[in-house]
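Observations on chain architecture
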Amino acid sequence: MHTESKPLQLPVFRAILASMGEGIIFADADDRIRYINAAAEEIRGIIAANYLGRSIVSIHSPASEKRIRRLIAGLKGGAIPFSTRVIHVREKIFENSYYPIRNETGTYEGTLLISRDITEKEHLKEENISLREQVRADFSCGGMIGKSHAMEPVFHMIRATAALDSTILISGESGTGKELVACAIHQMSPRHKNSFVKVNCAALPETLLESELFGHERGAFTGAVRERKGKFEQAHRGTIFLDEIGEMPLAAQAKLLRVIQGKTLERIGGNREIAVDVRIIAATNKDLRREVERGTFREDLFYRLNVIPVHLPPLRERREDILPLAEHFLAVYAERMCKPVRTIDPEARKALLNYDYPGNVRELENALERGVALSLGETVTLADLAPYFMTGAPAAPTRPAPAATLSRAVSDAEQEAIREALRATGNRKGVAAQLLGISRKTLWEKLKQMDPM
């Protein structure tokens, strides 16, 4: 038998407000305080009986009177929809939020003030920042972290070459931090106040790469409705970082060589030379000498780029850096996710040290992002890491059948990554999307298109 629920009576509402951990203060349309709960008394250090019937302004300091009166006038008139402010009182940090209360006809009934004690949250944020700064101070160079002997030559090269204009070629496996080296060199150079422009040569099709690098004139090709500066012009007096330079097509290599030699460029469809003052830093995960022998990379360009070579060792060759890096990423993601995670337990630390990291520093960062996301307390445990950390070996890659197309192989890998994220998070799609680095909406769209299990 269906029975209609009865509306809550006033005493029930009062009981609910009284039990809340947030401070609740309500002032009527005449700004007189009519209700203060126990949490508000504790948070603000007041006795409710001393303030009931008085103006809401009375619970604020005299210095705040004008500001509070303007705020309440704005809430009443509708000019201010709500207001939130952080204040420090007696070594405590509070977040005060003011809301106008209106009845069903829109008539203003009063002001609701909610006080939240955010002291612990703010202190945790400060601790995470302090931890990051300490790690950087002890083991860093220009934002890079490392205390291993393998990184000493890299840090020396960064410091020695930052002030120069010489071209630098950074080599190393994917995920070792080549972009961080380039960024550190730029930030420590006299050019640091000007642009640091990044170009991923592997991410752009050949038809667009030259336009992206050198720009084009209006009407140079279909769709070129206006002139456009390329990345080299955008980096004038700054630094350009050419990532995955080994993937650059030969035609673009020839034009790049002319820019390096002459320090001028011509836009596509143009006939005038434009002078550019740019420092070039290139990076590759390929052996460019071997690419030269194969004929896929110009020998003259290789020697123009390889003026000062910097090689980044893989993470498996710098194991002393694993835990400092892990602590750094822990602090970064704990702050970003607003979680009280502060430590890594011994078993998880041991697993992190024993793993070989085919994905290098990027893989370690992903592991700590997942660990912080799944942690239910202040510590990342072994159970919070991916299952393959327990065995010390990476998950075996799924090999597509010989007849599979590239797009099918990519789709299969993407679907497996989504399924793994959902399994790891107990099918919590919001957390899974965060682990995958995509929005929740994108994850929903991909789930609709996925093959059934």
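A quick note: this is a predicted structure, and the numbers were derived from the prediction, not measured.

For the rest of this paragraph, the subject is the overall build of the protein chain. When you go through the protein chain residue by residue, the secondary structure sums to 18 helices and 16 strands. With 453 residues in all, the protein chain has 42% of them scored as buried. Restricting to contacts in the protein chain with at least 6 residues of sequence separation, those with at least 24 account for 63%. Split by element, the accessible area of the protein chain, about 25,100 Å² in all, is 52% carbon and sulfur.

Next up on the list: the pattern of salt bridges. Taken as a whole, this structure holds 22 salt bridges when the rule is applied. When the shortest N-O distance is used, the salt bridge between Arg191 and Asp165 registers 2.9 Å. Taken as a pair, Arg191 in the loop between helix 6 (178-187) and strand 9 (196-200) and Asp165 in the loop between helix 5 (152-161) and strand 8 (168-171) lie far apart in primary sequence, 26 residues in all. Residue classification places Arg191 among the buried positions, given a relative accessible area of 8%. For Lys198, the salt bridge is made with Glu179, and the minimal N-O distance between the two is 3.1 Å. With Lys198 in strand 9 and Glu179 in helix 6, the pair connects residues that are 19 residues apart, well separated along the chain. Taking relative accessible area as the criterion, Lys198 reaches 45% and is therefore assigned partly exposed. Here the salt bridges do not stand alone but share partners, grouping Glu217, Glu227, Glu233, Arg267 and Arg272 into one network.

So, about the pairing of strand 5 (residues 108-117). The buried fraction of strand 5 amounts to 7 of the 10 residues, a majority that puts the element mostly inside the structure. As judged from the 6 bridges shared by strand 1 (residues 23-28) and strand 5, these two strands associate in the antiparallel manner. The residue bridging Ile25 from the neighbouring strand is Leu113, located in strand 5. When strand 4 (residues 92-102) meets strand 5, the two strands line up antiparallel, connected through 9 bridges. Pairing of Tyr99 across the sheet is with Leu112, part of strand 5. Taking the residues between adjacent antiparallel strands as the criterion, strand 4 and strand 5 are bridged by 5 residues, where Gly106 takes a positive phi near 90°.

This brings us to the confidence of the model for the protein chain. For the protein chain, mean pLDDT is 83; residues scoring 70 or higher make up 84% of the total. For residues 135-140, every residue scores under 50 in pLDDT, and the model assigns this stretch 15 contacts once sequence neighbours within four places are set aside. A low-confidence stretch, residues 395-404 (pLDDT under 50), is modelled with 2 contacts involving residues beyond four sequence positions or located in other chains.

Formed by 29 residues in total, the largest nonpolar core has its most connected members in Phe232, Leu242 and Ile245. Secondary-structure elements contributing two or more residues to this core are strand 9, helix 7 (206-214), strand 10 (239-243), helix 9 (250-262), strand 13 (279-284) and helix 11 (299-305). With 5 residues, the single largest contributor to this core is helix 9. Apart from residues no more than four positions distant in its own chain, Ile245 is found in contact with Leu169, Cys201, Leu256, Ala282, Ala283, Thr284, Leu288, Phe297 and Leu305. Residues Leu315, Ile344, Leu352 and Ala367 belong to the second largest nonpolar core, which totals 28 residues.

Let's shift gears to the sheet that holds strand 8. An order of 9-10-13-8-14 is seen for the 5 strands of this open sheet, with the pairing classed as parallel. The open sheet is flanked by strand 9 and strand 14 (308-311), the only strands paired with a single partner. Within the sheet, the average angular offset between the axes of one strand and its neighbour, ignoring direction, is 20°. As judged from the 4 bridges shared by strand 10 and strand 13, these two strands associate in the parallel manner. Each bridged residue has a counterpart across the sheet, and for Phe241 the counterpart in strand 13 is Ile281. Lying on the sheet, helix 5 is in contact with strand 8, strand 13 and strand 14; it crosses strand 14 at an angle near 150°.

Rules of the game
- Residues numbered from 1 in each chain as written.
- Predicted model: local features only at pLDDT ≥ 70, side-chain atom pairs only at ≥ 80, totals over all residues.
- Heavy atoms only, no water.
- Helix = DSSP H or I, 4+ residues; strand = E, 2+ residues; numbered from the N terminus.
- Buried < 20%, exposed > 50% of the residue type's maximum accessible area, 1.4 Å probe, protein only.
- Contact = heavy atoms within 4.5 Å.
- Areas by Shrake-Rupley, 256 points an atom, 1.4 Å probe, with all protein chains shown as cover.
- Salt bridge = Lys/Arg side-chain N within 4 Å of Asp/Glu carboxyl O.
- Pairing = 2+ DSSP bridges.
- pLDDT = per-residue confidence, 0-100.
- Core = buried A, V, L, I, M, F, W, Y, C linked by side-chain atoms within 4.5 Å.
- Axes fitted to C-alpha atoms, helices over the stretch in contact; angles between N-to-C directions.

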